[in-house]
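Each chain is listed here by its residues.
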6 protein chains.
Amino acid sequence: MSDPIVVINPNSTEAVTEAMSDALEGLRLPGGPDIECLTNPDGPPGVESQADADLAAVQVREIVARRANSASAFVIACYSDPGIHAAREAAGKPVFGIAESGMLRAMSVAGNFGVIAILEKSIPRHMRYIRTLGFESRLAGERALGLGVVELSDETRAYARLVEKGNELRELDGAQVVVLGCAGMARYRAALEEEIGIPVIDPTQAAVSNALTNALLKSP
Amino acid sequence: MSDPIVVINPNSTEAVTEAMSDALEGLRLPGGPDIECLTNPDGPPGVESQADADLAAVQVREIVARRANSASAFVIACYSDPGIHAAREAAGKPVFGIAESGMLRAMSVAGNFGVIAILEKSIPRHMRYIRTLGFESRLAGERALGLGVVELSDETRAYARLVEKGNELRELDGAQVVVLGCAGMARYRAALEEEIGIPVIDPTQAAVSNALTNALLKSP
Amino acid sequence: MSDPIVVINPNSTEAVTEAMSDALEGLRLPGGPDIECLTNPDGPPGVESQADADLAAVQVREIVARRANSASAFVIACYSDPGIHAAREAAGKPVFGIAESGMLRAMSVAGNFGVIAILEKSIPRHMRYIRTLGFESRLAGERALGLGVVELSDETRAYARLVEKGNELRELDGAQVVVLGCAGMARYRAALEEEIGIPVIDPTQAAVSNALTNALLKSP
Amino acid sequence: MSDPIVVINPNSTEAVTEAMSDALEGLRLPGGPDIECLTNPDGPPGVESQADADLAAVQVREIVARRANSASAFVIACYSDPGIHAAREAAGKPVFGIAESGMLRAMSVAGNFGVIAILEKSIPRHMRYIRTLGFESRLAGERALGLGVVELSDETRAYARLVEKGNELRELDGAQVVVLGCAGMARYRAALEEEIGIPVIDPTQAAVSNALTNALLKSP
Amino acid sequence: MSDPIVVINPNSTEAVTEAMSDALEGLRLPGGPDIECLTNPDGPPGVESQADADLAAVQVREIVARRANSASAFVIACYSDPGIHAAREAAGKPVFGIAESGMLRAMSVAGNFGVIAILEKSIPRHMRYIRTLGFESRLAGERALGLGVVELSDETRAYARLVEKGNELRELDGAQVVVLGCAGMARYRAALEEEIGIPVIDPTQAAVSNALTNALLKSP
Amino acid sequence: MSDPIVVINPNSTEAVTEAMSDALEGLRLPGGPDIECLTNPDGPPGVESQADADLAAVQVREIVARRANSASAFVIACYSDPGIHAAREAAGKPVFGIAESGMLRAMSVAGNFGVIAILEKSIPRHMRYIRTLGFESRLAGERALGLGVVELSDETRAYARLVEKGNELRELDGAQVVVLGCAGMARYRAALEEEIGIPVIDPTQAAVSNALTNALLKSP
């Protein structure tokens, strides 16, 4: 039997791990690889600063190193892709970051994309990463909810803000598709897509899709 | 039962369609969507010029329009992605191009990528497309086999050239991953990857993976 | 006697062909090459979608191939430059696209340029082309009239919109020059330039200028 | 009668002015504007350093200011376009620079271009200008003759080097067209094009073409 | 004793030279190199046009050539860096331009920067220079005071505008740091920084800092 | 008395700290701020992988947080700038990274720069960072010594390689200035500059220069 795809939630909030696991249900195939979602027990409650991301990077790498022989691929389920390059050094297996995979998926369906971040201060960090990846010519805009990772579970408030920011991305920035800029937004994807009328991408789904088809094809 | 993923080979060479269909075997899942590979009967034997690509574009769009109500998604299986934008207008369903999907997949596994084209004259056409997509900062290089689409089925000759060009991309251009720049190279992917020691991406597999997981998740 | 410059209107609207021919009067020189304007009889009434552009591409190439021995140069007079690369393969003669030539001309007179499109949905197609050409750093903005090619002949309405969009490009986007993003706007160039106070470029004039001086100099 | 197009040779070498004037013969039309070529009597013998270019800039602007009322357009015939922006401030008439026009013309006929400079030390100056113009994505390469402006009139030696560098641009850099990177190379254009088998652009011809058609059309 | 750092004010306004000299007081170290501020007596009262900048370029180079043997380094204290490349040819010593040094310093402290220009018409000139330097991806925005160099000494009016534009850069353009786009704004730096709450860079201080530490280290 | 500039060597090799401290002697001014060089006792012997860099990032941030009240500025003396953004969050003081400062300094003296890395595998990490910073248009090339941080203290071998790579950057890549891509190369700067005939930048000197003049001016 093949090894599972290991999806690492770099933060310590179990509710986030559970919601992302639920969102991956469609990718758990009869006879296909298991998709195992782990919480990083020592992580911050949410990755909200560069210090959080840097600490998570080291912890993610350790988890990956520990599981290198019992995983077919890894997914780093935080929109800063903490530790992605060190994890690749350690894994000897494919490692997918959700920010990277989410933006790549967005570019496979539309000419440009918008991003919804949790906090205003996340945006400069994301901008640096977009430049690192060379994708800035495809970015329509990024807008922040002004809510932390934990506050995302306040459904009424979080959803209202998502709709507001999604509409702004579509109308003011001309975004043709929206990428959710935090793994903790997974539960809202389908409703939001319906509401704002353009595709909405859950980046964890995008990354796990990459890992799944990699496993099915035994190829990149 | 859900509609099939329709993979359109824009050229008229059945052998190409068959080889790509074989390469997609791992993505045909129990209970998953059918993956139906069509040959474009009126297409050129291979898309080797801009005139070929432009003609194929119109034909691909017609096929897509005809199948819009009996497909869950479309894949355009020619490395020029002929007709991709018109097909999107016509389909009301996701349409994935293999060049686009192949390069996106490459960027999910490595910092840069090389491309193997069939003919020297394909390269300017591909360069224009890479600029259109905004991916030039991630391109390590592109090199041509000097073989037409039909000649690709001469296995000894084609494989020797693929190895030569793959090694040049890795050694001289510093490519970390190679994208096969023609749907007709699918049969050589696994052996070539083994031989040159870096991942080799069959772009048709990449595009169909996108369509498959889109269908599984009912989301982009 | 030298062969004519053949200007191809890829759409089937004779009024557009006639207006562009009128706008070229100043380039018909005593002893100079004839400037012959053709309508594509099988074309769409206006190129308003990617499907229109792709179909026109094939037709333009056929016209070019047919006239290859009785033309000194070709101009493709539609702001999507449909078929430009295949026409170059077929012609063995210079082939100028009006979008390309219009933007190049704009950059010879000012630091940036704005574009007036006919329809909102034309803009993503134009944006792709601007990226293909590598000119995005010089683009101030693009704005759409919200009028189809045929509606352009409603002079009162079309001109009012042109003035509105031209002023927006100058004031809101800081454009220093405006390129008319459709061959069917030729008749309004001079008045619009006078009205908005910055140069307005008819891209068909720009492309035919290139063809004319090429013929005069027997050089690129 | 309309005012002449005034072509300013920013250097003091009459032979350069005469050769460029000869190369413009095809643009002197019956009934068309005069094309008057001026030598800058106080200029350096050739613009070979930034100091030369800066001094020429001031002198060119003075000539333009003096002739503002007796010219229909100006061409600055030195491949550094010295003084182009100040000349535009002073002229109230179109001012075309030959480097700018030469590269724009090149991009109207091919996907990329190479440049032949006179001296190795000219290349960093040209590179800065190409970045200023935003054209670096279209540059295939630039190579220097290693000959000063005055040495260009030694025909045997100059032509042999031009052929050598033109061939290197085509073969090693993949250039599809060559731009002569000095007004003093005009006399060699036609032969060089014949010899190296790809189009060769005399940038003075390109700039004067722009001025001429501007005058014919009374539009940009 | 070591030669002084020579700071050249390319305009003829003594008050500007004096204010910049005052702002450099902290860099005059016991035992360190002298910092000598010169006025260009033949310069324009302020560099407000391209013609001003081009004339100043020639004059700056002459001053540099004259002082090449009695200076350890040069600073060109005008935000157009007039003559910087010719000065480098002439000096055989380091030559720092304040625009270049100011933007480089800004990028050492923040992810992006805004610029305050004196006049609206300065902005296109600055934009060309930013493209020349390749820094456009780090520019948040540029806004003009609408005041000439001489008007900058009207303290009440100038300061009010600086605060207005600084706040606009921070709030509307998202600038994380502001570069003063004219040497004549030096006197307002500290108060403006306090007022708008983000760092404000006097580019003359930045350039002289570079020259000073170069002298201290005898290295670039 | 003012607080010292704290220079953090993120690796645990004391010899590197000592050599960099020696190279900073010229910046220790009478009456100026102390320059205190710290070794990170828990760091790797050299930062040679992404895992090393990620671990160092967390440790650097902790050191910065601990010293936030007893430092006037911080310098992170490793060419990966580990932890720079988290350190800025924690410090409330200027934080300079040596890679960033070294490249910025290089761009203040020349049109392009080359980099000498320690190991081939450092180059992709540096390339990502150069894209993050937006400086790729100014990079002439990067070449690796093939020596680890600790091997850098083998003077004969290290110096011979530095000369070899420096010459290759100048001759093959056209670099106008060289940046040392590791804090551990400081001791070789002066001799290498003399040997290869173009400026060589010690990035630690560049970063500490920024911190020093910041302290002297009490401004950025």
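Residues numbered from 1 in each chain as written. Chains lettered and ligands numbered in written order. Predicted model: local features only at pLDDT ≥ 70, side-chain atom pairs only at ≥ 80, totals over all residues. Heavy atoms only, no water.

As named in an unreviewed UniProt entry, chain A is Aspartate/glutamate racemase family protein, taken from Nisaea acidiphila. Under the heading Sequence similarities (unreviewed entry), UniProt records this for chain A: "Belongs to the HyuE racemase family." (UniProt positions renumbered as here; feature names shortened; annotations may be inferred.)

> Is there a simple way to explain unusual backbone geometry in this structure?
A negative phi holds for most residues other than glycine; trans holds for most peptide bonds. One non-glycine residue, Asp81 of chain A, lies in the positive phi region at around 45°. On the secondary structure map, Asp81 of chain A appears in the loop between β3 (73-76) and α3 (84-91). (Helix = DSSP H or I, 4+ residues; strand = E, 2+ residues; numbered from the N terminus.)

> Looking at this structure, how should I read the relation of the copies chain D and chain C?
The operation linking the two copies of the chain is a rotation about an axis combined with a translation along the axis. For the match of chain D to chain C, the screw axis carries a shift of 0.0 Å, the RMSD comes to 0.0 Å, and the turn is 180°. Here the two chains are linked by the operation of a two-fold rotation axis. When C-alpha distances to the rotation axis are compared across chain D, the minimum falls at Leu104 of chain D, with a value of 2.9 Å. (Least-squares fit on C-alpha atoms with pLDDT ≥ 70 in both.)

> For this particular structure, what's the right way to read helix α7 (residues 189-196) of chain F?
Since one α-helical turn is 3.6 residues long, residues separated by three or four positions face the same way. Residue and element names in this part refer to chain F. The complete set of buried residues in α7 reads Arg189, Leu192 and Ile196. Axial view of α7: buried residues confined to an arc of 65°, hence all on one face. Next to the buried residues of α7 lie β5 (113-117), α6 (155-171), β7 (178-180), β8 (200-201) and α8 (203-217). Downstream of α7 by one or two residues, Gly197 has phi in the positive range, about 80°. (Buried < 20%, exposed > 50% of the residue type's maximum accessible area, 1.4 Å probe, protein only. Arc of directions from axis to C-beta. Contact = heavy atoms within 4.5 Å.)

> What should I look at first to understand the pattern of salt bridges in this one?
When the charged atoms of two side chains lie near each other, side chains of opposite charge can form a pair. By the definition in use, this model includes 66 salt bridges over all chains. For Glu100 of chain A, the salt bridge identified is with Arg88 of chain A, shortest N-O distance 3.0 Å. Here the residue Glu100 of chain A occupies a position in helix α4 (residues 98-109), and Arg88 of chain A occupies one in helix α3, the gap between them amounting to 12 residues. Glu164 of chain F is the partner of Lys165 of chain F in a salt bridge, and the nearest nitrogen-oxygen pair spans 3.7 Å. Lys165 of chain F gets classed as buried once you look at its relative accessible area, which sits at 14%. Salt bridges here are not isolated pairs; linked through shared partners, they connect Arg143, Glu164, Lys165, Glu168 and Asp173 of chain A. (Salt bridge = Lys/Arg side-chain N within 4 Å of Asp/Glu carboxyl O.)

> For this particular structure, what's the right way to read the sheet that holds β5 of chain F?
Picture the strands of a sheet paired through backbone hydrogen bonds; they go either parallel or antiparallel. Residues and elements named next belong to chain F. What the 4 strands build is an open sheet, ordered β6-β5-β7-β8; its pairing is parallel. Sheet topology places β6 (139-144) and β8 at the edges, where each strand pairs with a single neighbour. Sheet topology note: the β5/β7 ladder contains 3 bridges and is parallel. Within β7, the position partnered with Gly114 by the bridge is Val178. (Pairing = 2+ DSSP bridges.)

> So what exactly am I meant to see when it comes to the confidence of the model for chain A here?
Parts of the prediction with low pLDDT should not have their coordinates interpreted in detail. In the predicted model, chain A carries a mean pLDDT of 95, and the fraction of residues at 70 or more is 100%. Of the two predicted TM-score estimates for the complex, the pTM is 0.95 and the ipTM is 0.95. (pLDDT = per-residue confidence, 0-100.)

> Please explain the side chain of His126 of chain B as it appears in this structure.
Looking at the element boundaries, His126 of chain B is found in helix α5 (residues 122-133). Residue His126 of chain B is classed as buried on the basis of its relative accessible area, which comes to 6%.

> What exactly am I supposed to notice about the interface of chain D and chain C here?
Quite often, the size of an interface is put as the accessible area lost when its parts meet. Each partner contributes to the interface: chain D provides 35 residues, whereas chain C provides 35 residues. Interface of chain D and chain C: buried area, both sides summed, is about 2800 Å²; carbon and sulfur atoms make up 57% of it. Three residues, Arg105, Leu217 and Pro220 of chain D, lead the burial of chain D against chain C; their summed loss comes to 23% of the area buried on that side. At the surface where chain D touches chain C, the tally comes to 0 salt bridges. Sorting the residues of the side of chain D that touches chain C by element identifies β4 (95-97), α4 (98-109), α7 (189-196), β8 (200-201) and α8 (203-217) of chain D as the ones contributing at least two each. (Buried area = accessible area lost by both parts, 1.4 Å probe.)

> Looking at this structure, I do not really get the domain arrangement of chain A. What am I missing?
Residues and elements named next belong to chain A. Considered domain by domain, chain A is made up of domain 1 (5-98 + 204-217) and domain 2 (99-202). Contacts between the two partners involve 29 residues from domain 1 and, on the opposite side, 28 residues from domain 2. Summing both sides of the interface, domain 1 and domain 2 together bury roughly 2100 Å²; the carbon and sulfur share of this comes to 51%. When the area that domain 1 buries against domain 2 is broken down by residue, the three leading residues are Glu48, Tyr79 and Ala206, summing to 35%. Here domain 1 is connected to domain 2 by 1 salt bridge. Counting across the domain 1 and domain 2 interface gives 15 residue pairs in polar contact (both at pLDDT 80 or more). Considering every element that reaches the side of domain 1 that touches domain 2, the biggest residue donor is helix α8 (residues 203-217), with 6 residues. A per-class count over the side of domain 1 that touches domain 2 returns 15 nonpolar, 11 polar and 3 charged. (Domains from an automatic or database assignment. Polar contact = N/O pair within 3.5 Å; in protein donor to acceptor, adjacent residues only side chain to side chain. Nonpolar A, V, L, I, M, F, W, Y, C, P; charged D, E, K, R; others polar.)

> Honestly, the arrangement of the chains in this entry has me stumped. Any pointers?
A gap remains between chain A and chain D, which never touch, and the nearest two C-alpha atoms on either side lie 14 Å apart. Separated without contact, chain B and chain E have their nearest C-alpha atoms at a distance of 14 Å.

> Quick question: what am I supposed to make of the pairing of strand β5 (residues 113-117) of chain A here?
Regular strands place side chains that alternate from one sheet face to the opposite one. All names here are of chain A. The buried fraction of β5 amounts to 5 of the 5 residues, a majority that puts the element mostly inside the structure. Judged by which residues are buried, β5 turns out to be covered on both faces: Phe113, Val115 and Ala117 on one side and Gly114 and Ile116 on the other are all buried. In this sheet, strand β6 (residues 139-144) lies alongside β5 in parallel orientation, the contact comprising 5 bridges. Following the sheet pairing, Phe113 is matched in β6 by Leu139. Between the parallel pair β5 and β6, the chain is carried across by helix α5 (residues 122-133), and the sense of this crossover is right-handed. (Right-handed = clockwise from strand over helix to strand, strands pointing away.)

> What is the right way to read the sheet that holds strand β4 (residues 95-97) of chain B from this model?
All names here are of chain B. Sheet architecture is open: 4 strands sit in the order β2-β1-β3-β4, paired in parallel fashion. The open sheet has two edge strands with one neighbour each: β2 (35-39) and β4. With direction set aside, neighbouring strand axes in the sheet form an average angle of 20°. In the sheet, strand β3 (residues 73-76) pairs with β4 via 3 bridges, with the strands oriented parallel. Residue pairing for β4: Ile76 is matched across the bridge by Gly97. Seen against the sheet, helix α1 (residues 14-23) touches β1 (5-9) and β2 and runs at an angle of roughly 165° to β2. Relative to β1, helix α2 (residues 50-67) is tilted by about 160°, and along the sheet it contacts β1, β2 and β3. (Axes fitted to C-alpha atoms, helices over the stretch in contact; angles between N-to-C directions.)

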